[in-house]
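# Structural features, examined
Chain by chain, the residues:
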Amino acid sequence: MSATNVSRIAIAAGVAASTVLLLAGPAAAHVSVQPQGEAAKGGYATLNFKVPNERDQASTVKLEVNFPADHPLSSVTPEAVPGWKIAITKGKLYKPLEVHGRKITEAVTKVTWTADGSKIAPGYFQQFPVSVGQLPEDADQLVFKAIQTYDNKEVVRWIEEPKGGEEPDSPAPVLKLTAATEDHHGGAADPAGDDDHKADDQAASTEGDKGDKKETHAASSSSDTTARTLGIIGILIGIAGVAFGVLAGRRRTA
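This one's a predicted model, so the numbers in the text were calculated from it and none came from an experiment.

Now for the environment of Val108. Counting through the fold element by element, Val108 comes out in strand S6 (residues 102–115). With 32 residues separating them along the chain, Val108 and Val76 place their C-alpha atoms 6.6 Å apart. Apart from residues lying up to four places away in sequence, Val108 is in contact with Phe67, Leu73, Val76, Ile88, Thr89 and Lys90.

Moving on, we come to the side chain of Asn48. The residue Asn48 is located in strand S2 (residues 45–52) in this model. Judged by relative accessible area, which is 12%, Asn48 ranks as buried. Within the structure, the side chain of Asn48 is placed 3.4 Å from the side chain of Gln36, a separation counted as a polar contact. The residues contacting Asn48, other than those within four sequence positions of it, are Ser32, Val33, Gln34, Gln36, Gln127, Phe128 and Pro129.

Now for the nonpolar core. Formed by 32 residues in total, the largest nonpolar core has its most connected members in Phe49, Phe67, Trp113, Phe128 and Phe144. Secondary-structure elements contributing two or more residues to this core are S2, strand S3 (60–66), S6, strand S7 (125–133), strand S9 (145–150) and strand S10 (155–158). Broken down by element, the residue count for this core peaks at 4 residues, all from S2.

Turning our attention to the pattern of salt bridges. Enumeration over the complete set of coordinates arrives at 7 salt bridges. Measuring nitrogen to oxygen at the nearest pair gives 2.7 Å for the salt bridge that ties Lys41 to Asp140. Here Lys41, found in the loop between strand S1 (32–35) and S2, pairs with Asp140, found in the loop between S7 and strand S8 (141–143); they are 99 residues apart in sequence, far enough to count as distant. By relative accessible area, Lys41 is classed as buried at 17%. The partner of Lys145 in a salt bridge is Glu161, with the nearest N and O atoms 3.9 Å apart. Note that Lys145 is positioned in strand S9 and Glu161 in the loop between S10 and strand S11 (174–176), a separation of 16 residues in sequence. The exposure class assigned to Lys145 is partly exposed, which follows from its relative accessible area of 34%. The class of Glu161 is partly exposed, set by a relative accessible area of 42%.

Rules and cut-offs
- Residues numbered from 1 in each chain as written.
- Predicted model: local features only at pLDDT ≥ 70, side-chain atom pairs only at ≥ 80, totals over all residues.
- Heavy atoms only, no water.
- Helix = DSSP H or I, 4+ residues; strand = E, 2+ residues; numbered from the N terminus.
- Contact = heavy atoms within 4.5 Å.
- Buried < 20%, exposed > 50% of the residue type's maximum accessible area, 1.4 Å probe, protein only.
- Polar contact = N/O pair within 3.5 Å; in protein donor to acceptor, adjacent residues only side chain to side chain.
- Core = buried A, V, L, I, M, F, W, Y, C linked by side-chain atoms within 4.5 Å.
- Salt bridge = Lys/Arg side-chain N within 4 Å of Asp/Glu carboxyl O.

Pasting the structure below:
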């Protein structure tokens with residue numbers, strides 16, 4: 001093989017690799033959602049909405065995430081993100097939800113983060129955490145349509161739902177749900193409650209131990225006091241006996 005052919009092959013390979021990177025870059029750089037741990041059906045989860053900046057000459061200054069209307073979530077609590085303001089939009093439910101014995105008549109329909117002293121600069125990304133629940137039991141995934149706004153007024157709509165095996169040009173963030181487990185179903189509904197009960201039990205046990213120690217200490221102190229009193233009385237009786245003996249001896253001598 002000549003040096004010219006080798007050079008042509010190398011150039012062709014480089015062009016092919018560059019094309020793959022160019023095609024793969026935009027497809028991977030979109031708004032996505034991932035759970036911290038698992039997102040089990042019927043349970044609660046913390047979700048991270050990951051927002052990369054795709055532009056070289058503009059920064060992201062706003063993110064809107066629309067929550068699925070077909071599977072409303074009774075609880076949506078965003079975590080504070082430094083440099084960003086958070087607005088929560090709620091709407092009335094056509095069919096109220098029943099959670100822990102109470103009816104929920106409205107649910108969060110949208111959460112909006114707006115830059116307030118911070119931006120997502122070119123080459124960087126930002127995560128926006130949200131605690132949600134209860135996740136539906138009759139769905140395998142949830143679709144969150146997102147809208148990303150840049151400081152040059154450009155708006156990118158990540159709202160296309162995946163169909164088939166091909167990813168759309170502007171895919172919406174999709175959360176895959178895992179099978180329901182005992183930990184993520186009934187038990188995860190109130191994890192703080194279990195901790196509170198454990199804390200109460202531990203406190204009661206600790207107080208009981210303290211009480212037992214106090215009673216033992218009091219009994220020990222009482223025993224010590226009685227022993228000391230008896231000892232002093234014995235000494236006094238002994239001294240009195242000696243004194244009596246001495247006096248009786250003197251009288252006999254006299």
